[in-house]
Amino acid sequence: LWASGQVAAVGAAVQQQGATALVLAGDRRGWPGWDEVEWSVIAGVPTRFLESDSFAMESLTENDAIFWLDSAEAAAAFLNAHPALPTHIPFWLSMAGGDPILGERLKIDSKLYWLAWSSVPYTEWAAHHEPSTPSAFLVYQATRAAIDALTGAAPTFATPWRVELFELERGVSRPYTP
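Parameters and conventions
Residues numbered from 1 in each chain as written. Predicted model: local features only at pLDDT ≥ 70, side-chain atom pairs only at ≥ 80, totals over all residues. Heavy atoms only, no water. Helix = DSSP H or I, 4+ residues; strand = E, 2+ residues; numbered from the N terminus. Buried < 20%, exposed > 50% of the residue type's maximum accessible area, 1.4 Å probe, protein only. Areas by Shrake-Rupley, 256 points an atom, 1.4 Å probe, with all protein chains shown as cover. Salt bridge = Lys/Arg side-chain N within 4 Å of Asp/Glu carboxyl O. Core = buried A, V, L, I, M, F, W, Y, C linked by side-chain atoms within 4.5 Å. Contact = heavy atoms within 4.5 Å. Axes fitted to C-alpha atoms, helices over the stretch in contact; angles between N-to-C directions. Parallel < 35°, antiparallel > 145°, perpendicular 65-115°, else oblique. Nonpolar A, V, L, I, M, F, W, Y, C, P; charged D, E, K, R; others polar. Pairing = 2+ DSSP bridges. Right-handed = clockwise from strand over helix to strand, strands pointing away.

S.K.: Just to check I follow, could you spell out the overall build of the protein for this structure?
M.R.: The helix and strand inventory of the protein stands at seven helices and seven strands. Listed by position from the N terminus, the elements making up the protein come as α-β-α-β-β-α-α-β-α-β-α-α-β-β. Looking at the 178 residues of the protein, the share that counts as buried comes to 42%. Surface summary for the protein: the accessible area is close to 9,400 Å², and the carbon and sulfur share equals 57%.

Have a look at this one:
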């Protein structure tokens with residue numbers, strides 16, 4: 001599944017950041033219906049869901065990392081409602097981290113982390129294109145594939161996919177290496 005690669009990558013990254021537990025937050029619709037044990041096995045770290053009650057935030061510890069499963073807009077609302085949170089624990093997003101809405105709506109200045117599926121040529125491509133987001137690269141790849149198919153040319157990209165990690169600070173995303 002597409003999600004298992006992202007979950008395994010975020011699990012490894014948060015462990016390298018010193019976290020000993022992964023807390024899943026946001027609306028889980030669109031993600032696999034795994035229970036906490038299944039998420040933990042894939043992430044390689046104990047995992048639990050952050051419930052949406054008034055005591056949920058009190059359950060977080062400095063050993064936790066959050067993996068946001070919802071939209072960029074919902075992430076901004078959550079982070080704006082809890083401005084001290086990102087300074088205490090790593091906050092990870094999937095593709096929502098590359099959505100410009102996050103930067104537009106976020107009212108706090110914090111370092112966030114995000115990840116996305118991409119292919120090996122992404123880094124070289126990103127150095128020469130603006131916007132250089134993984135989403136823009138996916139559009140570029142789809143366009144190239146369509147042109148190749150129409151012209152009968154050999155496929156331009158035949159490299160395997162992998163999960164790319166990014167850090168987002170002051171509205172600027174850059175590759176992240178834990």
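S.K.: Hey, could you run me through the pattern of salt bridges in this one?
M.R.: Side chains that carry opposite charge are capable of pairing whenever their charged atoms lie near each other. As enumerated under the stated definition, the model contains four salt bridges in all. Here Arg48 makes a salt bridge to Asp64, at a shortest N to O gap of 2.8 Å. With a gap of 16 residues between them, Arg48 in strand β2 (residues 47–49) and Asp64 in strand β3 (residues 64–68) connect regions that are remote in the sequence. Residue Arg48 is classed as partly exposed on the basis of its relative accessible area, which comes to 25%. Of the charged contacts, one joins Asp148 and Arg144 as a salt bridge, the two residues approaching to 3.3 Å between their closest N and O atoms.

S.K.: Teacher, can you tell me more about the nonpolar core here?
M.R.: The nonpolar side chains of a soluble globular protein tend to be buried, and buried together. Of all hydrophobic cores here, the largest spans 25 residues; its most connected members are Ile66, Phe78, Phe91, Leu93, Leu102 and Leu112. If you list the elements that add at least two residues to this core, you get β1 (21–25), β3, α3 (72–81), β4 (91–93), β5 (112–119) and β6 (161–169). The greatest single-element share of this core, amounting to five residues, is contributed by α3. In this view, Leu93 contacts Phe67, Trp68, Ala75, Leu102, Leu112, Tyr113, Trp114 and Leu115; residues no more than four positions away in its chain are not counted.

S.K.: What exactly am I supposed to notice about the side chain of Thr47 here?
M.R.: Its place among the elements puts Thr47 in strand β2. Contacts of Thr47, omitting those with residues within four sequence positions, involve Leu22, Leu24, Glu36, Trp39 and Ser40.

S.K.: Teacher, can you tell me more about the packing of helix α1 (residues 2–16) against helix α2 (residues 36–43) here?
M.R.: One can describe the packing of α1 onto α2 by two numbers: an axis separation of 7 Å at closest approach and a directional angle of 70°. Comparing their axes, α2 and α1 come out roughly perpendicular. Facing Ser4, Val7, Ala8, Gly11, Ala12 and Gln15 of α1, the residues of α2 in contact are Trp39, Ile42 and Ala43. Among the residues forming the contact of α1 with α2, the class breakdown is six nonpolar, three polar and no charged.

S.K.: Help me understand the pairing of β1 in this model?
M.R.: Here is the key point about a regular strand: its side chains alternate between the two faces of the sheet. The buried fraction of β1 amounts to five of the five residues, a majority that puts the element mostly inside the structure. Burial along β1 is two-sided: the residues Ala21, Val23 and Ala25 and Leu22 and Leu24 are all buried. Sheet topology places β1 next to β3; five bridges connect them, and they run parallel. Along β3, the bridge assignment pairs Ala25 with Trp68. Bridging between β1 and β2 involves three bridges; their strand directions are parallel. Looking at the pairing, Leu22 lines up with Thr47 of β2. As for the winding sense of the linkage, the β-α-β connection from β1 through α2 to β2 is right-handed.

That's the geometry; what it means functionally is another story.
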